[in-house]
Structures are given as structure tokens and as C-alpha cells.
Amino acid sequence: MADVSTVDVSTLADVETWSGKGRHDENFPVGSHLIARRHREPIHRYYSFARNADDLADSASLSAQQKIARLDIMEDVLLGHRQTGSPSAAALRVSLSSTGITPKHATDLLVAFRQDATKLRYATLGELYQYCNHSAVPVGRYVLDVHGESGDCHAPSDALCTSLQIINHIQDCAADLAELDRCYLPQALLDQFGASVEDLRRPAETPALRRVFMVLLKQVDRMNHEASALPKAVRDRRLRVETATIRGLATRLTRRLTGNDPLAKRVKLRPVDAVFSLLAAAPKLL
């Protein structure tokens, strides 16, 4: 088997390096059966593209330059500048042609993944939000466009997607540093409370690091509150239930991270959380 770090990407029939993760491995439903059947395939194709691009950005065997070269090929295939090199991008290109949805929601993701290849630290909360504008916000807007929803949904959708992204950063903060030397926790917050990036290598959080987490979780809680307007703004009844369920799961996971140490053990949702969030969302069908 060829060493992927030394292969000339221009000669590859497929630049993707799928990790094996799928939409069922995510914290939250992705194009689930709550969504109308006709909308699931476009969402699944978008997710496949995003998953493969994310796996490239997180590859342990590729250099930053090699990651960016492969992500560039994914974009070229997506935009029709080349026909081969990325099966997930080719499949999404066909889907976008069929639905008439802009490729911007996908190319914006690639901005974030290229950034992941080269940027390992974040100075301020503002920098982190800017990253989320490319890594998370486009996902919600794509789903809204698939359903033909209006711009009135954008603000609460953006809030929910940013919340989910920061939750994931807190969940995986130790693993991100250990495996990728990447830290999304803003340095300004670490400095404010006397914490350091190296504290993430400890077996348990320090009091200073807990304060950093609490500031971030307070922002997440604010976003979850803003996101409560999303199900009310969505016209499609089934999407209304899905967004209400996801918002419920985000609220539950925020609460769990507030009371548990993500360094000692990965804080995650349980199957019962999905059940209760779905039951709470069911009235949105009415």
C-alpha cells in the first residue's frame, strides 16, 4: 500500500481518506427519518462531502500542504473544474445541479477545513466564532435551503449550529490536542483565568480550566436560547420536529458538560436523551 504522504495527489483517482465515521456517529441526527424522504438524499450527500473533507483535515498521516492540496481537488470536483478525484464531491455536484442549491454551503466548509490544516490555536472568542461561521453555520443553511425555508430561519439556525460546534470542541478538547496538537479554546480566556493549553493533557480539569469551560458554556447556553426560535420559524413540519429535537439535545449536552469533566471522561449523550428530546419536540408537528 502506498504511503499517502508521498503520493502525487494529481494522479489519484480518489483523494479522500474516509475515517469510517458516518452520520450515525454524530452527536445529533443528520438527515434522519424525521426528515421527509425526498430531502434525505441531498442532506446525506452533503454530509458525506463534509465528512470526507473533515477526515482529510484531521488526517494524522498527511502534512498541512498535502491536506490543502487534497481539499483543493475536492473543491475542483465540486465546482466541475475536474471530473475525478473526489467521489463525494462529484455526488454532491450532481445533487446541487438537481436541487439548484448554491455550492457556497460546501465551499465554505472547505475554508474551515483548510484552516484546520494550518491553524492550531485561537487567540480570541471572536476568532473561534469566525471559524464556526465556516465550519458549522453552512450546514444549517444548506438544510434550510433543501427545504426551501426563508431567511427568517438563518439567525436561530446559525446560533444552533455554532452551539453544536463549540460543544464538540469542549467534548474533544483533550483528544484534539493529543492527536492533532490543535486547541480551539481561546488563548485570551485561558490567560484570563490562569489556565494553559498544556492543562488539557492532565487527567482531570483544573479549577482554572473549569472556569474557561463555564464561560464557553454560558455562550453556548445563550445560543441554545436563541435557537429556540428556529422550530417556530420553520415551515416544514418534519424539519420543525428535527430542529426542535436537535435543540433539545444541545441543551441536554450543555447541561451535562456544565456538571462533568471532559478531561476525565468524554461527556456525551445517552440514548434516553434522544427519546426525551423527540418527545418534547413532537408537539411541533401540530
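Provided above is the structure to which this section pertains.
Small disclaimer: the values here were computed from a predicted structure and weren't measured. (Residues numbered from 1 in each chain as written. Predicted model: local features only at pLDDT ≥ 70, side-chain atom pairs only at ≥ 80, totals over all residues. Heavy atoms only, no water.)

Student: Hey, could you run me through the overall build of the chain in this one?
Tutor: Of regular secondary structure, the chain possesses 13 helices and 0 strands. The buried share of the chain, reckoned over its 286 residues, is 50%. Counting only contacts in the chain whose residues sit at least 6 apart along the sequence, the fraction spanning at least 24 positions is 71%. Per element, the accessible surface of the chain, about 13300 Å² overall, is 55% carbon and sulfur. (Helix = DSSP H or I, 4+ residues; strand = E, 2+ residues; numbered from the N terminus. Buried < 20%, exposed > 50% of the residue type's maximum accessible area, 1.4 Å probe, protein only. Contact = heavy atoms within 4.5 Å. Areas by Shrake-Rupley, 256 points an atom, 1.4 Å probe, with all protein chains shown as cover.)

Student: Even after reading the chapter, I still don't get the pattern of salt bridges, so can you show me in this structure?
Tutor: Between side chains of opposite charge, a pair can form when the charged atoms approach closely. Inspection of the entire model under this criterion finds 17 salt bridges. Notably, a salt bridge pairs Glu127 with Lys119, separated by 3.1 Å at the nearest N-O pair. By relative accessible area, which is 29% here, Glu127 ends up partly exposed. In this structure, Arg210 and Glu205 form a salt bridge, with 2.9 Å as the shortest nitrogen-oxygen distance. Through salt bridges with shared partners, one network takes in Arg121, Asp181, Glu198 and Arg201. (Salt bridge = Lys/Arg side-chain N within 4 Å of Asp/Glu carboxyl O.)

Student: Looking at this structure, I do not really get the environment of Asp108. What am I missing?
Tutor: Relative to the assigned elements, Asp108 resides in helix H4 (residues 104–118). The spatial distance from the C-alpha of Asp108 to the C-alpha of Ala136 is 9.3 Å, given a sequence separation of 28 residues.

Student: I would appreciate a short explanation of the packing of aromatic side chains in the present structure.
Tutor: In this description, an aromatic ring pair is defined by two values, namely the gap between the centres and the angle between the planes. Summed over all chains, the structure comprises 4 aromatic pairs. Between the aromatic rings of Tyr46 and Tyr142, the centroid separation amounts to 4.2 Å while the plane-to-plane angle is 10°, which identifies the pairing as stacked. Of this pair, Tyr46 sits in helix H1 (residues 37–57) while Tyr142 sits in helix H6 (residues 137–146), and the two are 96 residues apart along the sequence. Classification of Tyr46 as buried rests on a relative accessible area of 4%. (Phe/Tyr/Trp six-rings, centres within 6.5 Å; stacked < 30°, edge-to-face > 60°.)

Student: How should the environment of Val220 be read in this particular structure?
Tutor: If you trace the backbone, Val220 turns up in helix H10 (residues 207–227). Taking the C-alpha atoms as reference points, Val220 and Thr254, 34 residues apart in sequence, are found 7.3 Å from one another. Residues contacting Val220, with those up to four places away along its chain left out, are Ser163, Ile166, Ile167 and Thr254.

Student: Explain helix H2 (residues 64–78) to me, please; I cannot follow it from the model alone.
Tutor: Residues spaced three or four apart along an α-helix face the same direction, because each turn holds 3.6 residues. Look at H2: 21 Å from first C-alpha to last across 15 residues, which is about the 21 Å you get at 1.5 Å a residue. Elements in contact with the buried residues of H2: H1, helix H3 (87–99) and H4. One or two positions beyond H2, positive phi appears at Gly80, with a value near 85°. (Expected span 1.5 Å × (residues − 1).)

Student: How should the environment of Phe49 be read in this particular structure?
Tutor: The topology assignment puts Phe49 in helix H1. Under the relative-accessibility criterion, Phe49 is labelled buried at 0%. Between the C-alpha atom of Phe49 and that of Met74, which follows or precedes it by 25 residues, the distance is 8.6 Å. In contact with Phe49, not counting residues within four places along its chain, are Met74, Leu78, Ser88, Ala89, Leu92, Ala106 and Leu110.

Student: Whenever I open this one, H6 confuses me. Can you help?
Tutor: With respect to burial, H6 is a largely interior element, 7 of its 10 residues being buried. All buried positions along H6 are accounted for by Val137, Pro138, Gly140, Tyr142, Val143, Leu144 and Val146. Taken together, the buried residues of H6 touch H1, H3, H4, helix H5 (125–135), helix H7 (154–171) and helix H12 (237–259).

Student: How should I be thinking about the packing of H6 against H7 in this particular structure?
Tutor: Relative placement of two packed helices is described by the angle separating their axes and the distance separating the axes. At a minimum axis distance of 8 Å, the contact between H6 and H7 shows a crossing angle of 135°. In terms of orientation, H6 lies oblique with respect to H7. For H6 against H7, the interelement crossing comes out right-handed. Taken together, the residues of H7 that come into contact with H6 (itself represented by Val137, Gly140, Arg141 and Leu144) are His154, Ser157, Asp158, Cys161 and Thr162. Residue classes in the contact of H6 with H7 are distributed as 3 nonpolar, 4 polar and 2 charged. (Axes fitted to C-alpha atoms, helices over the stretch in contact; angles between N-to-C directions. Parallel < 35°, antiparallel > 145°, perpendicular 65-115°, else oblique. Left-handed = near helix turned anticlockwise from the far one by under 90°. Nonpolar A, V, L, I, M, F, W, Y, C, P; charged D, E, K, R; others polar.)

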